[in-house]
Amino acid sequence: MWHQCLEVLRDEFPAQQFNTWLRPLQSDHREGQLMLFAPNRFVMDWVNEKYLRRIEEVLKDLNGGQAPRVNMKVGSAPRESEPVERSEVPVRVNGQVHEETGSQVTEEEKGVAATVAGPASIKPKSSGDRRPVQVEGDIKHQSFLNEGFTFETFVEGKSNQLARAASMQVAENPGGAYNPLFLYGGVGLGKTHLMHAIGNEIVRRNPRAKVAYLRSERFVADMVKALQLNAINEFKRYYRSVDALLIDDIQFFARKERSQEEFFHTFNALLEGGQQVIVTCDRFPKEIVDMEERLKSRFGWGLTVMVEPPELETRVAILMKKADQANVKLSSEAAFFIAQKIRSNVRELEGALRLVIANAHFTGSEITPPFIRESLKDLLALHEKQVSIDNIQRTVAEYYKIKVADLLSKRRTRTVTRPRQVAMALSKELTNHSLPEIGDAFGGRDHTTVLHACKKIVELQETDPSIREDYQNFMRLLTT
Ligand SMILES: Nc1ncnc2c1ncn2[C@@H]1O[C@H](COP(=O)(O)OP(=O)(O)OP(=O)(O)O)[C@@H](O)[C@H]1O
C-alpha cells in the first residue's frame, strides 16, 4: 500500500520535493498500522509537518475509505539480514577471489586503475599539513580541494537553494546534520562546487579536520593499486580515518563490484563513526544502473537533494559574479544577452564568458551584445546547428520509444500526442523557427496547434513532475 501511495504522491509533488522527502521513507505495515521510517529527525519533522496529512488521505483512499494508523520514527524498516562485514583479511588480486566475500576485481576496475594516471590523489586535508603523506605500499595520499569553490563564490538561486542550504548545514555540523549527503543533478550544475565548498568550510572551521575529496574513478584506481601492492589494509585504514569523505560522480562505480563493496564497508564504518560522507551523482540513487541495491539504499539514509539547471535570473547572477571575480565590468544587458543564449549548464556559461572576456582584452573592445554575438559566433552556430527540429524529433522519439513518423503522423493516441507536444515546445524554445515553420515540420500542422502545445507543456511542467523531468532531460540532451 505504501508503494501505491508513493505512486500517487509522485504525481502530486514536484520531483525534487518527492525525491528529497518522500522517496527515502521506508515502511513497515503490520496489524493495521503503518510505520514510516525517516532517515533522520529533520526529514521526520518535515514530513510530519508538510506531508503527513496528505499521506493519510491517500492511504485512506487506497484502503477503501478506512485510514490505517500511521506513525513515524527515525531509522530503517526491518529488512532481510545483510552480509556482515568481517575482519580485514588479506586479499589476493589479479582476478583471484577475494577471501572475505567472494567478489572479484573486475576487468572494468583494472581498466580504471590503468587509465587514472599518476599516484593516488588522496591527501589528509588539513590546512596545517598539506604535505602528501607516504604510506606503506607506496600509495601517496593527496587530495585537492579547489579553494575557489566556496559558499561565497556559489550563487544561490531557486534551482540550487535546497542543495546549498543542506550543504551549509553539513559544513556547520559534519557527521551530525545529514549523513550521507547525496547531491545529484545534470552535468555542470555546481555539484562539485558545493562539495568542495563543504570541504573548505569544514577545514576553515577546524583546520585539523581531515577531508578527503576524490572522484570515484580515483577510489577505484587506488583500491586496485592497493590490492596489487598488498596494501589494502592501509587503504582501508586511510579512508576510515578521515573526518569527511567526499566522493564525486559516484555513477562511475557502476559495474565495479569490488569497489562498490569496499566503498560500502568504508561507508558504513564512517557513518557508524559519525564521520561525514558526501556523494555526488548525475542521477537519483535508485536510478543508478549496475549498482548494488544495498549501496543505493544506504545513499537514501541521509538527505538526497537535487541541483537543477539554473533559471535565467540565476544565470545572469552567476555571470555577474564570475565577471566580478575576474575584475571585469559586465553590464546587466550583456549578462542577460549571454544568459539567454547559453542555457545548458553553468560550465558552458562560464566558458562563454571566458571567451568573451579574452576577446575583449585582446581587442580592447567594450562588452556589448553585438560584440558578444561576434565573440560567440562559432559556439552559437554550433548550438543552432545541433538543435534542429529534425534533431529534436529524433531525440524525443528515441526517448519515448516511438517512431519519428508517429510524431509527424495524424495519430492522436496519448502515447503519441504528449511526445509530439513536448517536441513542438522544445522546437519553439531551442530553435529560431516560427510557429508556422514548426507546424509544417510536424506533418503540416497549423501554427495554433504548436502554440497550444507550447502552452500545454509549460502548464504540465508545473503540475506533472514526470513531464518536468523529461523536459529538463531533453534540454540537457539537446544543449550539452
Ligand atoms: N550556482 C553557482 N554559482 C557559481 N558558480 C557555479 C554555480 N553552479 C556551477 N558553478 C560553476 O560551474 C562550473 C561547473 O560546476 P561543477 O563542476 O560543480 O558541476 P558539476 O555539477 O559537478 O558537474 P559534473 O557532473 O560534470 O561533475 C564550476 O566552475 C562552478 O564553479
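Thresholds applied
Residues numbered from 1 in each chain as written. Predicted model: local features only at pLDDT ≥ 70, side-chain atom pairs only at ≥ 80, totals over all residues. Helix = DSSP H or I, 4+ residues; strand = E, 2+ residues; numbered from the N terminus. Buried ≥ 20, exposed ≤ 12 C-beta atoms within 10 Å, placed from the backbone. Contact = placed C-beta atoms within 7 Å. Pairing = 2+ DSSP bridges. Axes fitted to C-alpha atoms, helices over the stretch in contact; angles between N-to-C directions. Near = placed C-beta within 6 Å. Nonpolar A, V, L, I, M, F, W, Y, C, P; charged D, E, K, R; others polar. Domains from an automatic or database assignment. Expected span 1.5 Å × (residues − 1). pLDDT = per-residue confidence, 0-100. UniProt positions renumbered as here; feature names shortened; annotations may be inferred. Arc of directions from axis to C-beta. Core = buried A, V, L, I, M, F, W, Y, C linked by C-beta atoms within 7 Å.

Examining the overall build of the protein
The helix and strand inventory of the protein stands at 22 helices and ten strands. Each of the 480 residues in the protein was classed as buried or not, and the buried ones make up 39%. Contacts in the protein between residues far apart in sequence, at least 24 positions, make up 72% of those at least 6 positions apart.

What to know about the sheet that holds strand β10 (residues 303–306)
An order of β7-β8-β9-β6-β10 is seen for the five strands of this open sheet, with the pairing classed as parallel. Both edges of this open sheet fall to β7 (211–215) and β10, since each of them pairs with a single strand only. Ignoring which end each strand starts from, the neighbouring axes of this sheet average 15° apart. As paired elements, strand β6 (residues 181–184) and strand β9 (residues 276–281) share four bridges and run parallel to each other. By the bridge assignment, F182 is partnered in β9 with V279. Running over the sheet, helix α7 (residues 191–205) touches β6, β7, β8 (244–248) and β9 and is turned about 165° from β8.

Topic: the site of the ligand
Around the ligand, 18 residues are found, and the nearest of them are G190, K191, T192, H193 and V346. Counted by class, the shell around the ligand contains seven nonpolar, six polar and five charged residues. Split by domain, the residues of the shell around the ligand number at least three in each of domain 2 (107–306) and domain 3 (312–385).

A short note on α7
Taking 1.5 Å per residue, 15 residues should reach 21 Å; α7 reaches 21 Å between its end C-alpha atoms and fits that length. With twelve of 15 residues buried, α7 is to be regarded as a mostly interior element. Residues of α7 that are buried in the fold lie against α6 (161–172), β6, β7, β8 and β9.

Topic: unusual backbone geometry
N179 connects to P180 through a cis peptide bond whose omega is 0°. Within the secondary structure, P180 sits in the loop between α6 and β6. Even without being glycine, R255 reaches a positive phi, approximately 70°. The phi dihedral of K401 falls on the positive side, at around 55°, and the residue is not glycine. As for its placement among the helices and strands, K401 is situated in the loop between α17 (389–400) and α18 (404–408). Accessibility expressed as a C-beta count within 10 Å gives 8 for K401, which makes it exposed.

A closer look at the confidence of the model for the protein
Fine structural detail should not be taken from predicted coordinates in areas where pLDDT scores are low. For the protein, the average pLDDT comes to 82, and 85% of its residues sit at 70 or higher. Below a pLDDT of 50 lies the segment residues 80–102, which in the model reaches 24 contacts outside its immediate sequence neighbourhood of four places, other chains included. For residues 117–142, every residue scores under 50 in pLDDT, and the model assigns this stretch 69 contacts once sequence neighbours within four places are set aside. Overall fold confidence for the complex sits at a pTM of 0.65, while the interface term, ipTM, reaches 0.99.

Observations regarding the pairing of β6
Side chains L181 and L183 of β6 all project onto a buried face; the interleaved residues F182 and Y184 project onto the opposite face, where all are buried too. Both β6 and β10 contribute to a ladder of four bridges, which runs parallel. From the neighbouring strand, L181 faces β10, where its bridge partner is L303.

Brief notes about the pairing of β7
The element β7 is extensively covered by neighbouring structure, given that four of its five residues are classed as buried. Where β7 meets β8, five bridges bridge the pair, whose relative direction is parallel. Each bridged residue has a counterpart across the sheet, and for L214 the counterpart in β8 is I247.

Some remarks on the UniProt feature "binding site: ATP" (unreviewed entry) in the protein
Taking the numbering used here, the UniProt-annotated feature "binding site: ATP" (unreviewed entry) corresponds to G188, G190, K191 and T192. Relative to the assigned elements, G190 resides in the loop between β6 and α7. The exposure class of G190 is buried, given the 26 C-beta atoms found within 10 Å. Excluding residues within four positions of it along the chain, G190 makes contact with F154, N160, V307 and V346. By the secondary structure assignment, K191 is in helix α7. By C-beta crowding, K191 is classed as buried, having 26 other C-beta atoms within 10 Å. Those residues in contact with K191 that sit more than four places away from it in its chain are L183, G185, T280 and V307.

What about the sheet that holds strand β3 (residues 69–74)?
Backbone hydrogen bonds hold the strands of a sheet together, and the pairing may be parallel or antiparallel. Sheet architecture is open: three strands sit in the order β1-β2-β3, paired in mixed fashion. What marks the edges here is a single partner per strand, and that holds for β1 (26–30) and β3. For this sheet the average axis-to-axis angle between neighbouring strands, irrespective of direction, equals 20°. Pairing of β1 with strand β2 (residues 33–38), which is carried by five bridges, proceeds in the antiparallel orientation. Paired with R30 across the two strands is Q33, which belongs to β2.

Examining α6
Compared with an ideal rise of 1.5 Å per residue, which puts twelve residues at 16 Å, α6 spans 17 Å between its outermost C-alpha atoms and is within 8% of the ideal. Every buried residue belonging to α6 is among A163, R164, A166, S167, V170 and A171, and all of these are buried. Looking straight down α6, one finds its buried side chains confined to an arc of 165°; they lie on one side. Against β6, α7, β9 and β10 lie the buried residues of α6.

Regarding the nonpolar core
If you look at the biggest cluster of nonpolar residues, it comprises 92 residues, and the most contacted ones within it are L183, V211, L245, L246, I278, L319 and I338. It is helix α8 (residues 216–228) that provides the largest number of residues to this core, a total of seven residues. Setting aside residues no more than four positions away along its own chain, L246 makes contact with M195, G199, V211, A212, Y213 and I278. The next biggest cluster of nonpolar side chains, apart from the first, holds 19 residues, and it includes I389, V396, A425 and L426.

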